[in-house]
Amino acid sequence: MADLNINAQPDMLRGHYANMMQVAHGREEFILDFLFAHPPQGELVSRVVVSPSHVKRILAALQDNIAKYEQQFGPIV
């Protein structure tokens, strides 16, 4: 992939904390809902909608990064 300059608003750069995630899918997309659960309620902090092929690349990137993390810091329990 060629270099890509990404512009981001400052409020996007700080991110959003999520301690829960739900996944749904249809034929054409996966819906990833990131939630902040604080009983007795919770709130949706971000929704990401991606194609099936892209979610598979996301999974591979997460698996690769988890392996690198555990190599450096030890197993995630």
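**Considerations on the overall build of the protein chain**
- Per the secondary structure count, the protein chain includes two helices and three strands.
- Expected size for 77 residues packed as a compact globule is a radius of gyration near 11 Å; at 15 Å, the protein chain overshoots this value by more than 25%.
- Considered along the principal axes of its C-alpha atoms, the protein chain spans approximately 40 × 35 × 35 Å.
- Scored against the burial criterion, the 77 residues of the protein chain give a buried share of 8%.
- The contacts of the protein chain with a sequence gap of at least 6 include a subset with a gap of at least 24, amounting to 10%.

**With respect to helix α2 (residues 52–73)**
- The first and last C-alpha atoms of α2 sit 31 Å apart over 22 residues, in line with the 32 Å expected at 1.5 Å per residue.
- Taken from the residues just after α2, Gly-74 is the one with a positive phi, measuring 100 degrees.

**Focus: the environment of Gly-42**
- Tracing the backbone through its elements, the reader meets Gly-42 in strand β3 (residues 41–50).
- The spatial distance from the C-alpha of Gly-42 to the C-alpha of Pro-10 is 25 Å, given a sequence separation of 32 residues.
- Those residues in contact with Gly-42 that lie beyond four places of it in its chain are Phe-36 and Ala-37.

**Points about the pairing of strand β1 (residues 20–25)**
- The sheet contact formed by β1 and strand β2 (residues 30–38) spans six bridges and is antiparallel. Note on β2: the bridge partner recorded for Ala-24 is Ile-31.

**Focus: the pattern of salt bridges**
- Under the counting rule described, the total for this entry stands at three salt bridges.
- With its nearest N and O atoms 3.9 Å apart, the salt bridge here joins Glu-28 to Arg-27.

**Some details on the packing of aromatic side chains**
- Tallied over the full model, the rule gives two aromatic pairs.
- Each ring, one from Tyr-17 and one from Phe-36, has its centre 5.8 Å from the other, and the planes form 75 degrees; the classification is edge-to-face. Of this pair, Tyr-17 sits in the loop between α1 (10–13) and β1 while Phe-36 sits in strand β2, and the two are 19 residues apart along the sequence.
- Judged by its relative accessible area of 29%, Phe-36 is partly exposed.

About the cut-offs
- Residues numbered from 1 in each chain as written.
- Predicted model: local features only at pLDDT ≥ 70, side-chain atom pairs only at ≥ 80, totals over all residues.
- Heavy atoms only, no water.
- Helix = DSSP H or I, 4+ residues; strand = E, 2+ residues; numbered from the N terminus.
- Rg over C-alpha atoms; globule rule 2.2 N^0.38 Å.
- Buried < 20%, exposed > 50% of the residue type's maximum accessible area, 1.4 Å probe, protein only.
- Contact = heavy atoms within 4.5 Å.
- Expected span 1.5 Å × (residues − 1).
- Pairing = 2+ DSSP bridges.
- Salt bridge = Lys/Arg side-chain N within 4 Å of Asp/Glu carboxyl O.
- Phe/Tyr/Trp six-rings, centres within 6.5 Å; stacked < 30°, edge-to-face > 60°.

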